[in-house]
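# Reading the structure
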Amino acid sequence: MKFVDEYRDPKTARKLVDAIAKLSSKPWNIMEVCGGQTHSIIKHGIDQLLPEQIRLIHGPGCPVCVTPLKYIDKALAIAAQHNVIFCSFGDMLRVPGSRQDLLGLKAQGADIRIVYSPLDALKLARRHPGREVVFFGVGFETTAPTTALAAYQARQLKLTNFSQLICHVRVPPAMEALLSSADHAVQGFLGAGHVCSIMGYHEYLPLAEQYKIPIVITGFEPVDILQGLYLCIKQLEENRHVVENQYQRIVTQAGNQPAQQLLRQVFDVVEQDWRGLGSIAASGLALKEEYSPWNAEQRYAVDAIDTVEPDACRSGEVLQGLLKPVNCPEFGTSCTPEHPLGATMVSSEGACAAYYRYRNHD
Amino acid sequence: MTEPKLNCPLPLNYEQIVMAHGGGGRMMQQLLDKIIRPAFDNDILAQQHDSAIINIPANRLAFTTDSYVIKPLFFNGGDIGKLAVCGTVNDLAMSGAKPLYISCSLIIEEGFAIKDLQRIVQSMRASADEAGVKIVTGDSKVVEHGKGDGLYINTAGVGVIETESSILPNNIRTGDAIIVNSDLGRHGIAIMLQREGMDFASAIDSDCASLAAPVQALFDANIDVHCLRDLTRGGLSSCLIELAAVCGRQFEIREQGLPVRQDVRSACELLGFDPLYIANEGCFVLFVPQSQAGAAIATLQKHSNSQQAVQIGTVSEEHADGRVILQTAMGISRILELLSGEQLPRIC
């Protein structure tokens, strides 16, 4: 597979592992921001190949995991309404809300459908003019542009039976929030390649400078991740702290300008709650005032929903890199993919789910 | 004044199934006589008895049943009818039986196009002929519109076991070679892409096929087959995990040796799926002594749906709970686990 197999080549990976071992003179803690990278690291066993003194910390970059419980509950409340076709990405259906999950609601008869894009939901709305179609838009800057495009097109088409429940979040403010906390242990970042393919990496330059921390924009294949780690450790060893781009085949500094323009046109940057991380200034995207008719939160008045966080769940600490999934007392006992306490055990990009699937017998 | 048209008040020539097609009256007879019996025509079915009376020349019988519920009903590489016949034939073949007779029970939704039904029963007949089995008995019911997905099919099958060997998970031995006959994941991905309306540069077709012939060829070549299992829902991983637990052994498979077509791999990458857990309909895994692995692979490769036959691993040692280890390309090993629920497409 061109442009994939080359980045999974065991010989290249081995050379990079050796180079990292030779380079590392002391312990370093590096956070991979993106859940896709976490998944790849655990699946391919990259953490097992590394020298012991290189510690990988799993970051908050799983879109399902960071979506606050209140949005899951809002989604459930909207999806339960008569005449609604509720659409979302597959991963969201399994996340437990305060009382149940979307899959359970579907089994009870709600019309809940998996879509691959918000534009598929838009098509459904055009095909079923007598039904209300609601799309649940979650995720980072990677998925936000197509949500924006769906809102834009719905407005152009004056489509009145389509609306969106939006919980999109931005990565750089979350990285800054982590760096601002007193007890963080992060010494270097692997930046999320997919996010940067849209947004570029100019937003990371002040972060690296202000917090004196190396940030290496990194891809998702084993060789990408090892090369990203090598570049990051090299900076640490040389006491440098700049933004480097390992993922040059996809990412440019400026990013995808039309997508960014669309985001600015449709969304306002707002303060946003993150599951496990709390409220972070300027970290969310919300539909602008002129898109209110397509805002499901306003259309269905679901603000007053009462949420109940599970007591035992320590997803928040996992998302901040303070707790390794296998060190959680609930991991694999009262918290499993069949009976998850929190989103990190549900999502395919969640750190707990990755450990459970690939390391349950460690 | 125009003359009133004098025609039959009973409209017998429908283009779609109506409730009366399941009512036991003339319309049901017409459906059976015009569509179903001609498609399956054979001397046993022609008896039109309450049961099919069949002579079975053996002392060991294999008997199985399965129901087929699939959307879409027609897909690249097959349809629900082909799937129903091949699925039951394959269940018999995996027990080491030579498939002989199958039944066909149709649950049809009111409004279903009769031409589609005709196409499906003809596909069943073609698949039965190819597998050397006869459809000898059956049933049809019509359910109200909205109470079914067009068509459900249940098939049962009987076959005779002519081989002296017992082909069972408990016969898997330490040191056995683990072989698959074909590439992995094609059926599940073909269905998924078609269901979601995703276009790919090359159409991915289902591997749906009868496995009776390649299995018979193994017996004819005197291969000492210890166990056979077709890789349907849950794919290769789920099948191996289940077998390892039953026989109490550890299986070791090599990621780099697994046959997965490039377009299937690309689709899996795109959707966030693991091809090891994707459904197949023309794949099976077999366990034979390592000394016979080469002969088994050479025998399989003579068949059109088994040309990718390859050894993917080995039964390495006893293990109380059973365990399947994947040696990854990166040089580490990880334990394969059963999936929790369905694989769902990831967000990004």
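Since we're looking at a predicted model, the values are computed, not measured.

## Notes on the overall build of chain B
- Assigned secondary structure in chain B consists of 8 helices and 13 strands.
- Dimensions of chain B, computed from the C-alpha atoms along their principal axes, are close to 90 × 55 × 35 Å.
- The contacts of chain B with a sequence gap of at least 6 include a subset with a gap of at least 24, amounting to 85%.
- As displayed, chain B has an accessible area near 15800 Å², and 48% of this comes from carbon and sulfur atoms.
- Across chain B, the 27 positively charged side chains and the 40 negatively charged ones have centroids separated by 2 Å.

## Examining helix α8 (residues 144-156) of chain A
Residue and element names in this part refer to chain A.
- Taking 1.5 Å per residue as the helical rise, α8 with its 13 residues ought to reach 18 Å, and the 18 Å between its terminal C-alpha atoms agrees with that figure.
- Buried within α8 we find A144, P145, T147, A148, A150, A151 and A154.
- Backbone geometry just after α8 places K158 at a positive phi near 55°.

## Considerations on the sheet that holds strand β10 (residues 284-289) of chain B
All names here are of chain B.
- Spatially, β8-β10-β7-β11-β9-β12-β13 is the arrangement adopted by the 7 strands of the open sheet, whose pairing is mixed. Strands with a single pairing partner mark the edges of an open sheet, and in this sheet they are β8 (227-230) and β13 (333-335). Between one strand axis and the next, the sheet turns by 25° as a mean value, whatever way the strands run.
- As paired strands, strand β9 (residues 249-254) and strand β12 (residues 323-327) are joined by 5 bridges and run parallel to one another. Within β12, the residue paired with E252 across the bridge is I325.

## Quick notes on the environment of A:P27
Residue and element names in this part refer to chain A.
- Tracing the chain through its elements places P27 in the loop between α1 (10-23) and β1 (28-34).
- Separated by 253 residues in sequence, P27 and I280 have C-alpha atoms that sit 30 Å apart.
- Those residues in contact with P27 that sit more than four places away from it in its chain are Q53 and Q187.

## Some words on the interface of chain A and chain B
- The interface of chain A with chain B comprises 34 residues on the first partner and 27 residues on the second.
- Of the roughly 2900 Å² buried between chain A and chain B, counting both surfaces, carbon and sulfur atoms make up 59%.
- Across the contact surface, chain A and chain B share 2 salt bridges.
- Across the salt bridge formed by B:E269 and A:R8, the nearest N and O atoms sit 2.6 Å from each other.
- Taken together, the connections running from chain A to chain B amount to 3 residue pairs in polar contact (both at pLDDT 80 or more).
- Considering every element that reaches the side of chain A that touches chain B, the biggest residue donor is helix α16 (residues 351-359) of chain A, with 3 residues.

## A look at the sheet that holds strand β9 (residues 243-245) of chain A
All names here are of chain A.
- Ordered by their spatial adjacency, 5 strands build an open sheet running β2-β1-β7-β8-β9, and the pairing between neighbours is parallel. Single-partner strands in this sheet number two, and they are β2 (54-61) and β9. Strand after strand, the sheet turns through a mean of 25° between neighbouring axes, direction not considered.
- Bridge analysis of β1 against strand β7 (residues 188-192) gives 3 bridges, and the strand direction is parallel. Across the sheet, I30 pairs through a bridge with G188, a residue of β7.
- Sheet strands in contact with helix α9 (residues 171-180) are β1, β2, β7 and β8 (215-218), and its direction is about 150° off that of β1.

## With respect to the nonpolar core
- Residues A:F86, A:F162, A:Y204 and A:I215 are the most contacted members of the largest nonpolar core, which totals 88 residues.
- Considering each element in turn, this core owes the most residues, 6 residues, to helix α5 (residues 69-79) of chain A.
- Beyond its immediate stretch of four places on either side in the chain, A:F162 contacts A:P118, A:A121, A:L122, A:A125, A:V133, A:F135, A:A150, A:A154, A:P293, A:W294 and A:R299.
- B:I35, B:I36, B:V89 and B:L151 belong to the second largest nonpolar core, which has 40 residues in total.

## A few points about the pairing of strand β11 (residues 310-318) of chain B
Residues and elements named next belong to chain B.
- Across 4 bridges, the pairing between strand β7 (residues 176-180) and β11 is antiparallel. Bridge pairing in β11 places I179 opposite Q311.
- Here β9 pairs with β11 via 5 bridges, running antiparallel. Paired with I253 across the two strands is G313, which belongs to β11.

## Things to note about α16(A)
- With 8 of 9 residues buried, α16(A) is to be regarded as a mostly interior element.
- All of the buried residues in α16(A) are A:A351, A:C352, A:A353, A:A354, A:Y355, A:Y356, A:Y358 and A:R359.
- Of the surrounding elements, those touching the buried residues of α16(A) are α2 (35-44), α3 (46-49), β2 and α15 (315-319) of chain A together with β13 of chain B.

## Some words on the packing of α1(A) against helix α12 (residues 222-237) of chain A
Residues and elements named next belong to chain A.
- Relative orientation of the contacting elements α1 and α12 amounts to 15°, with a least axis distance of 9 Å. The orientation of α1 relative to α12 falls into the category roughly parallel. Of the two possible hands of crossing, α1 and α12 adopt the one that is left-handed. Listed contacts from α12 to T12, A13, L16, V17, A19, I20 and L23 of α1 are V223, L226, Q227, L229, Y230, I233, K234 and E237.
- Grouping the amino acids of the contact of α1 with α12 by side-chain chemistry returns 11 nonpolar, 2 polar and 2 charged.

## Some thoughts on the packing of aromatic side chains
Residue and element names in this part refer to chain A.
- Throughout the structure, instances matching the rule amount to 7 aromatic pairs over all chains.
- Residues F220 and Y247 carry aromatic rings whose centres are separated by 6.1 Å and whose planes lie at 70° to one another, so their mutual orientation is edge-to-face. Of this pair, F220 sits in the loop between β8 and α12 while Y247 is found in the loop between β9 and α13 (257-266), placing the two residues 27 residues apart along the sequence. For the residue pair F220 and Y247, the accessibility class agrees, reading buried in each case.
- Taking the ring centre of Y71 as reference, the NZ or CZ of K74 above it sits at 4.7 Å.
- Above the ring of Y291, the side-chain terminus of R155 is found at 5.1 Å from the ring centroid.

## Looking at the pattern of salt bridges
All names here are of chain B.
- In the structure shown here, the tally under the stated rule is 31 salt bridges over all chains.
- Of the charged contacts in the structure, one is a salt bridge between D205 and R261, with a shortest N-O distance of 3.5 Å. Taken together, the residues span a long stretch of sequence, with D205 in the loop between α4 (186-195) and α5 (212-220) and R261 in the loop between β9 and α7 (262-271) at a distance of 56 residues.
- The class of D205 is partly exposed, set by a relative accessible area of 30%.
- What makes R261 partly exposed here is its relative accessible area of 27%.
- Residues joined in a network through salt bridges with shared partners are D183, R186, D205, R261 and D263.

## A few points about the side chain of B:R334
- The residue B:R334 is located in strand β13 in this model.
- Despite being buried, B:R334 has no salt bridge partner; B:D274 is the closest side chain of opposite charge, sitting 4.6 Å away.
- Of the polar contacts made by the side chain of B:R334, one reaches the backbone oxygen of A:K43; its length is 3.1 Å.
- Excluding its chain neighbours within four sequence positions, the residues that come into contact with B:R334 are A:K43, A:Y358, B:V324, B:I325, B:L326 and B:T328.

## Here we look at the environment of B:L228
All names here are of chain B.
- Structurally, L228 can be placed in strand β8.
- Overall, L228 belongs to the buried group, its relative accessible area being 3%.
- The spatial distance from the C-alpha of L228 to the C-alpha of A20 is 44 Å, given a sequence separation of 208 residues.
- Setting aside its immediate chain neighbours within four residues, L228 contacts A93, M94, G96, I167, V215, L218, F219, F284, V285 and L286.

Cut-offs and rules
- Residues numbered from 1 in each chain as written.
- Chains lettered and ligands numbered in written order.
- Predicted model: local features only at pLDDT ≥ 70, side-chain atom pairs only at ≥ 80, totals over all residues.
- Heavy atoms only, no water.
- Helix = DSSP H or I, 4+ residues; strand = E, 2+ residues; numbered from the N terminus.
- Contact = heavy atoms within 4.5 Å.
- Areas by Shrake-Rupley, 256 points an atom, 1.4 Å probe, with all protein chains shown as cover.
- Lys, Arg positive; Asp, Glu negative; His and termini not counted.
- Charge placed at Lys NZ, Arg CZ, Asp CG, Glu CD.
- Expected span 1.5 Å × (residues − 1).
- Buried < 20%, exposed > 50% of the residue type's maximum accessible area, 1.4 Å probe, protein only.
- Pairing = 2+ DSSP bridges.
- Axes fitted to C-alpha atoms, helices over the stretch in contact; angles between N-to-C directions.
- Buried area = accessible area lost by both parts, 1.4 Å probe.
- Salt bridge = Lys/Arg side-chain N within 4 Å of Asp/Glu carboxyl O.
- Polar contact = N/O pair within 3.5 Å; in protein donor to acceptor, adjacent residues only side chain to side chain.
- Core = buried A, V, L, I, M, F, W, Y, C linked by side-chain atoms within 4.5 Å.
- Parallel < 35°, antiparallel > 145°, perpendicular 65-115°, else oblique.
- Left-handed = near helix turned anticlockwise from the far one by under 90°.
- Nonpolar A, V, L, I, M, F, W, Y, C, P; charged D, E, K, R; others polar.
- Phe/Tyr/Trp six-rings, centres within 6.5 Å; stacked < 30°, edge-to-face > 60°.
- Lys NZ or Arg CZ within 6 Å of the ring centre and 35° of its normal.

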